[in-house]
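# Tertiary structure, described
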Amino acid sequence: AELLEADKYFMMKQQIVESMGFGPKQNFPVYADRMPNQLLAYVRLSRVQDPALFAKVSFEDDVVLSQMNEYESLQLLMGDCRERLAGYLGTLEEDIKMNQQPDLSRREKLAVRLRLSEKRIISKTMEGVRMKLAPVRGIPTKSGEMQDSNADIMEIFDAIESIPKAPSKLLDGFMSWARGDDDPDWKKPANKKKDLPPRPW
């Protein structure tokens, strides 16, 4: 994890991490059985764009700074995990099968077991990120707010549900037109004929 020098709050963030014994670029251990709080706190801090949130940053406790910050931080971690997994040749399942082959040399066995261990840790880290992403409701918008990720789907369902009502609405509209409900002159009494002068014949 690292802080970006182009960040307008780089100096402030650097002071915070240095006060905790870290640098602007820092490596953190990861584990198969838990999410490292210090790594998560560092990434959260790196994504902060509201100085008011600096006071909430904790490297000891698992503190969510904001929904937007949490979403960005977890997506960043997930992307890093995917990139690291993609850097390996072969999949986790292929390494498991290879590890079961009896004709591997001692060096090959060590290499396979090392890859298996690293891939399992990364995969478990991704599972931990997914679990933390689950309660985060919505996705970030250009306005900086979180929008319900199902909003578009709900709009489609609303449109589908309204289709069976369309014929009855059309019929009601036609009957209303036939009755002249929207014609201001329709129900006015007809003008009486003017009396004509008597004919001369």
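Keep in mind the model is a prediction, meaning the values are calculated, not measured. (Residues numbered from 1 in each chain as written. Predicted model: local features only at pLDDT ≥ 70, side-chain atom pairs only at ≥ 80, totals over all residues. Heavy atoms only, no water.)

Further remarks concern the overall build of the chain. The helix and strand tally for the chain stands at seven helices and two strands. Counting helices and strands in the order they occur from the N terminus, the chain gives α-α-α-α-α-β-β-α-α. Looking at the 201 residues of the chain, the share that counts as buried comes to 25%. Restricting the contact set of the chain to residue pairs at least 6 apart, pairs at least 24 apart contribute 57%. If you sum the accessible surface of the chain, you get close to 15,200 Å²; carbon and sulfur atoms cover 56% of it. (Helix = DSSP H or I, 4+ residues; strand = E, 2+ residues; numbered from the N terminus. Buried < 20%, exposed > 50% of the residue type's maximum accessible area, 1.4 Å probe, protein only. Contact = heavy atoms within 4.5 Å. Areas by Shrake-Rupley, 256 points an atom, 1.4 Å probe, with all protein chains shown as cover.)

Here we come to the pattern of salt bridges. The final tally for this structure, using the stated rule, is 10 salt bridges. The residue Arg-44 makes a salt bridge to Asp-62 at a minimum N-O spacing of 2.8 Å. Pair noted here: Arg-44 is in helix H2 (residues 37–47) and Asp-62 is in the loop between H2 and helix H3 (67–86), with a separation of 18 residues, a long-range link. Classification of Arg-44 as buried rests on a relative accessible area of 3%. Here Arg-44 makes a salt bridge to Glu-70, at a shortest N to O gap of 2.8 Å. Highlighted residues: Arg-44 in helix H2 and Glu-70 in helix H3, separated in sequence by 26 residues. Here the two residues Arg-44 and Glu-70 agree in accessibility, since each one is buried. (Salt bridge = Lys/Arg side-chain N within 4 Å of Asp/Glu carboxyl O.)

Glancing now at H3. Residue pairs spaced three or four apart in an α-helix point in one direction, given the helix's 3.6 residues per turn. When the terminal C-alpha atoms of H3 are compared, their 28 Å separation across 20 residues agrees well with the 28 Å that a helix rising 1.5 Å per residue should span. Burial in H3 covers these residues: Met-68, Asn-69, Glu-70, Tyr-71, Ser-73, Leu-74, Leu-77, Met-78 and Cys-81. (Expected span 1.5 Å × (residues − 1).)

If you look at the biggest cluster of nonpolar residues, it comprises 29 residues, and the most contacted ones within it are Val-17, Phe-22, Tyr-42, Leu-45, Phe-59, Leu-77 and Val-129. Every element with two or more residues in this core is listed here: helix H1 (10–19), H2, H3 and helix H5 (106–133). The element that contributes the greatest number of residues to this core is H2, accounting for six residues. For Phe-59, the residues in contact, after removing those within four places along its chain, are Ile-16, Val-17, Met-20, Phe-22, Gln-38, Ala-41, Tyr-42 and Leu-45. (Core = buried A, V, L, I, M, F, W, Y, C linked by side-chain atoms within 4.5 Å.)

Next up on the list: the environment of Gln-26. Note on placement: Gln-26 falls in the loop between H1 and H2. Each C-alpha atom of the pair Gln-26 and Leu-3 lies 8.9 Å from the other, and the pair is 23 residues apart in sequence. Beyond its immediate stretch of four places on either side in the chain, Gln-26 contacts Ala-1 and Tyr-42.

The next subject is the packing of H1 against H2. H2 packs onto H1 with a crossing angle of 165° between their chain directions and a minimal axis gap of 10 Å. Taken together, H1 and H2 sit at an angle that is classed as roughly antiparallel. Here H1 and H2 pass one another in a crossing that is right-handed. Residues Lys-13, Ile-16 and Val-17 of H1 lie in contact with H2, whose contacting residues are Tyr-42, Leu-45, Ser-46 and Arg-47. (Axes fitted to C-alpha atoms, helices over the stretch in contact; angles between N-to-C directions. Parallel < 35°, antiparallel > 145°, perpendicular 65-115°, else oblique. Left-handed = near helix turned anticlockwise from the far one by under 90°.)

A separate point is the side chain of Gln-14. Summarising the element assignment, Gln-14 is placed in helix H1. The class for Gln-14 is buried, based on a relative accessible area of 17%. Setting aside its immediate chain neighbours within four residues, Gln-14 contacts Leu-3 and Pro-24.

This paragraph deals with the side chain of Lys-13. Locating Lys-13 in the fold gives a position in helix H1. A distance of 2.9 Å separates the side chain of Lys-13 from the backbone oxygen of Ser-46, its partner in a polar contact. If sequence neighbours within four positions are ignored, Lys-13 has contacts with Leu-3, Asp-7, Leu-45, Ser-46, Arg-47, Val-48, Gln-49 and Phe-54. (Polar contact = N/O pair within 3.5 Å; in protein donor to acceptor, adjacent residues only side chain to side chain.)

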